[in-house]
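For reference, the chains in residue letters:
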Amino acid sequence: MAIKPMLHPRNQHREGYDFERLIAQSPGLEAFTTRNPRGRMTIDFSDVDAVRMLNQALLLTHYDIEFWEIPATYLCPPIPGRADYIHYLADLLTESNGRKIPHGPDIKALDIGTGASLVYPLIGQHEYGWDFTGVDIDPVSIKSARQICKRNGLNIRLRRQNNPEDIFKGVIEPADIFHVTLCNPPFHASLEQADKGTRRKWRNLGKGHSKKLNFGGQNAELWCPGGEIGFIARMIEQSIDFADQCLWFTSLVSKKDNLRPLSRLLRNAKVAEFKVVEMGQGQKTSRLVAWTFYPEPQRSL
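Nothing here was measured: the structure is a model prediction, and the numbers come from that model.

Secondary structure assignment for the protein chain yields 9 helices and 9 strands. Buried positions account for 53% of the 301 residues belonging to the protein chain. Pairs at least 24 apart in sequence give 67% of the contacts found in the protein chain among residues at least 6 apart. Roughly 14700 Å² of accessible area belongs to the protein chain as shown, and the carbon and sulfur atoms make up 49% of that amount.

Next comes the structure, spelled out in structure tokens:
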């Protein structure tokens, strides 16, 4: 196995994919495997069915998820990178927990745009036992997520966001208190941009042109007006109204150039503190931005 030192130290996928172990748990994966030029077992990552089968095997083998199926046209997320976000959130909360990694259902997490895959709550519950609430604007995603919960006997609250302009309003109830929110916002500002990004990704995979969108993906998963920066800007603005109900608001930021304007918006929002956490994932660097309205003495879990 090829070690991936850029992944978080607690990430189960840091040493790469153990295909022998995965196939032992999910025999159906074997039909999709091949050998790379170095003789190592792998799959064709441009093959949608292969990637879905790999995800099923990873979630079963590492996170005890026996049922994981999503609608055919919906986004199929890369598991190692999603796990990294969860582990870095645990590090963030550790700072307010006497330097101890927080475990158990007393930790409340809100996943904005949980998607049909429900991937963040699945990983977060297994790794840390946190209590998750997942939110999405798409009814098909909510239905899929509920099915995953039911078939695996999981207790994850799911809420539908009825207004696409709202992020927290309508889903954070008056009695709710969350320790952390998380979000992987839509990256593109339009369907045209999403199409261009997909064509570029396929070219990088050496597959030429394809009409397949990013191994699946609905409009709300891939683009929104204003793109990533527009979405996070709305999140920052709207978080002010829920400043007392959440310790840390966070979001992934795919584009480094977005950090400067987002930092300006956070300062204007008069947050108590914000930070950018670099996350190395494979051949690229991702990052998350986190902000809180709580002064440091008031942040204990």
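Let us now look at the packing of helix α3 (residues 79–94) against helix α4 (residues 119–128). Contact pair α3 / α4: the axes reach a minimum separation of 9 Å and the direction vectors enclose 55°. When the axes of α3 and α4 are compared, the pair comes out oblique. Where α3 crosses over α4, the two elements pack in a sense that is right-handed. For the pair α3 and α4, the contacting residues are I79, R82, A83, Y85, I86, H87 and A90 in the first and V119, Y120, I123, G124, E127 and Y128 in the second.

Turning our attention to the nonpolar core. The tendency in soluble globular proteins is for nonpolar side chains to be buried side by side. Ranked by size, the top nonpolar core spans 55 residues in total, and within it L29 and W130 carry the most contacts. At 9 residues, the largest contribution of residues to this core is made by α3. The contact partners of L29, leaving out residues within four places of it in the chain, are F19, L22, I23, I43, M53, L54 and A57.

Moving on to helix α5 (residues 139–152). Between its first and last C-alpha atoms α5 spans 20 Å; for 14 residues at 1.5 Å apiece the expected length is 20 Å, and the two agree. Elements that come into contact with the buried residues of α5 comprise α4, β4 (131–136) and β5 (157–160). G153 sits one or two residues past α5 and shows a positive phi near 65°.

With 4 of its 5 residues buried, strand β3 (residues 108–112) lies for the most part within the structure. In terms of strand pairing, β3 meets β4 through 5 bridges, oriented parallel. Bridging across to β4, L110 finds its partner in T133. Once the chain exits β3 it traverses α4 before rejoining the sheet at β4, and the crossover so formed is right-handed.

Moving on, we get to the pattern of salt bridges. Within this structure, the stated rule accounts for 9 salt bridges. With a closest N to O distance of 2.8 Å, K275 and E95 form a salt bridge. Placement of K275 in strand β8 (residues 273–281) and of E95 in the loop between α3 and β3 is noted, with a sequence separation of 180 residues between them. Residue class for K275 comes out buried when judged on its relative accessible area of 18%.

It is worth spelling out the side chain of S46 at this point. Note that S46 resides in the loop between β2 (41–43) and α2 (48–63). Among the polar contacts listed, one links the side chain of S46 to the side chain of D44, at a separation of 2.6 Å.

This part covers the pairing of strand β6 (residues 178–183). β6 sits mainly inside the fold: 6 of its 6 residues count as buried. One ladder, built from 4 bridges, connects β3 with β6; its direction is parallel. The partner of I112 across the bridge, within β6, is C183. With 2 bridges joining them, β6 and strand β7 (residues 246–252) adopt parallel strand pairing. By the bridge assignment for β7, V180 is matched with W248.

It is worth spelling out the packing of aromatic side chains at this point. With the rule as written, the count across this model stands at 9 aromatic pairs. Put simply, the rings of F168, F242, F249, W291 and F293 touch in pairs and so form one group of aromatic residues.

Cut-offs and rules
- Residues numbered from 1 in each chain as written.
- Predicted model: local features only at pLDDT ≥ 70, side-chain atom pairs only at ≥ 80, totals over all residues.
- Heavy atoms only, no water.
- Helix = DSSP H or I, 4+ residues; strand = E, 2+ residues; numbered from the N terminus.
- Buried < 20%, exposed > 50% of the residue type's maximum accessible area, 1.4 Å probe, protein only.
- Contact = heavy atoms within 4.5 Å.
- Areas by Shrake-Rupley, 256 points an atom, 1.4 Å probe, with all protein chains shown as cover.
- Axes fitted to C-alpha atoms, helices over the stretch in contact; angles between N-to-C directions.
- Parallel < 35°, antiparallel > 145°, perpendicular 65-115°, else oblique.
- Left-handed = near helix turned anticlockwise from the far one by under 90°.
- Core = buried A, V, L, I, M, F, W, Y, C linked by side-chain atoms within 4.5 Å.
- Expected span 1.5 Å × (residues − 1).
- Pairing = 2+ DSSP bridges.
- Right-handed = clockwise from strand over helix to strand, strands pointing away.
- Salt bridge = Lys/Arg side-chain N within 4 Å of Asp/Glu carboxyl O.
- Polar contact = N/O pair within 3.5 Å; in protein donor to acceptor, adjacent residues only side chain to side chain.
- Phe/Tyr/Trp six-rings, centres within 6.5 Å; stacked < 30°, edge-to-face > 60°.

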